[in-house]
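Here are the chains, one letter per residue:
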Amino acid sequence: MKALYLLLPLTSLLAACGSTPTADKSVEKLNHTDVSNAEIRDYIDFSSVELRDRVKDYWNISTRTEPRYPIAAAKKGLAGCVELMTIINSEGKAQGYKVTSSYPKGLFDEAAAQSLNTWAWLPTNVNVAKQPVLTHIRIDFMIDSIPVGKKYLKNCPAGETFQVTGKIKKTSY
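About the criteria used
Residues numbered from 1 in each chain as written. Predicted model: local features only at pLDDT ≥ 70, side-chain atom pairs only at ≥ 80, totals over all residues. Heavy atoms only, no water. Buried < 20%, exposed > 50% of the residue type's maximum accessible area, 1.4 Å probe, protein only. Helix = DSSP H or I, 4+ residues; strand = E, 2+ residues; numbered from the N terminus. Pairing = 2+ DSSP bridges. Contact = heavy atoms within 4.5 Å.

**Q** Any chance you could break down the pairing of strand β3 (residues 80-88) for me, citing the residues and the numbers?
**A** Counting buried positions along β3 gives nine out of nine residues, so the element sits mostly inside the fold. What you see with β3 is no split at all: G80, V82, L84, T86 and I88 on one side and C81, E83, M85 and I87 on the other are buried throughout. Two strands pair when backbone bridges link them, and β3 and strand β6 (residues 133-143) are joined in this way by nine bridges, in the antiparallel orientation. Across the sheet, residue C81 finds its bridge partner in β6, namely D140. Summarising the sheet, β3 and strand β4 (residues 94-103) pair through eight bridges and their orientation is antiparallel. Counted as the bridge partner of V82 is S102 from β4.

Structure (structure tokens):
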């Protein structure tokens, strides 16, 4: 009988947690069909390494929010990077994302995606039609006062940062 008294509240708690809606995000993960299906492709594809710099001919970043450094990573002094593929839509907002690489795997992904959600771009004079583009954006995470290690330099080469480097100053925890 005592077990029943414990089981009933735990079951209710689990059911409540399972039905709680998650936070609404306006930037959602891209499906494979979002970036591959020719029928829905209404953007210019600048995702290849050779064309990534051409994004600047169409869109200039106007609003950029630095990502929040994950507390667990900051306490351990970890540095890393996340490369995201996204579509800059005709309104100058990020429309979906796909993590194409990250180091350490998964550690900074959510912070990078949340930051990307707040970014905005303005069309250039060449892009008066506000043509959407598919591009890659890499966000680097490092603590200024802590030198980065060999693994970071191997996985996040300096010459491949595409848009922005997110940095924080060391704070005490």
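**Q** Please set out unusual backbone geometry residue by residue, giving values where relevant.
**A** Looking along the chain, the bond that leaves Y103 and enters P104 is cis, with omega of -20 degrees. Note that P104 resides in the loop between β4 and α5 (109-116). Of note, K130 is a non-glycine position whose phi angle comes to about 55 degrees, a positive value. Summarising the element assignment, K130 is placed in the loop between β5 (120-123) and β6. A residue is classified by how much of its surface remains accessible, and K130, at 41% relative accessible area, is partly exposed.

**Q** Please set out the environment of T124 residue by residue, giving values where relevant.
**A** Assignment of secondary structure puts T124 in the loop between β5 and β6. Among the residues examined, T124 registers a relative accessible area of 12% and is labelled buried. With residues near it in sequence (within four places) discarded, T124 still touches K56, D57, Y58, W59 and N60.

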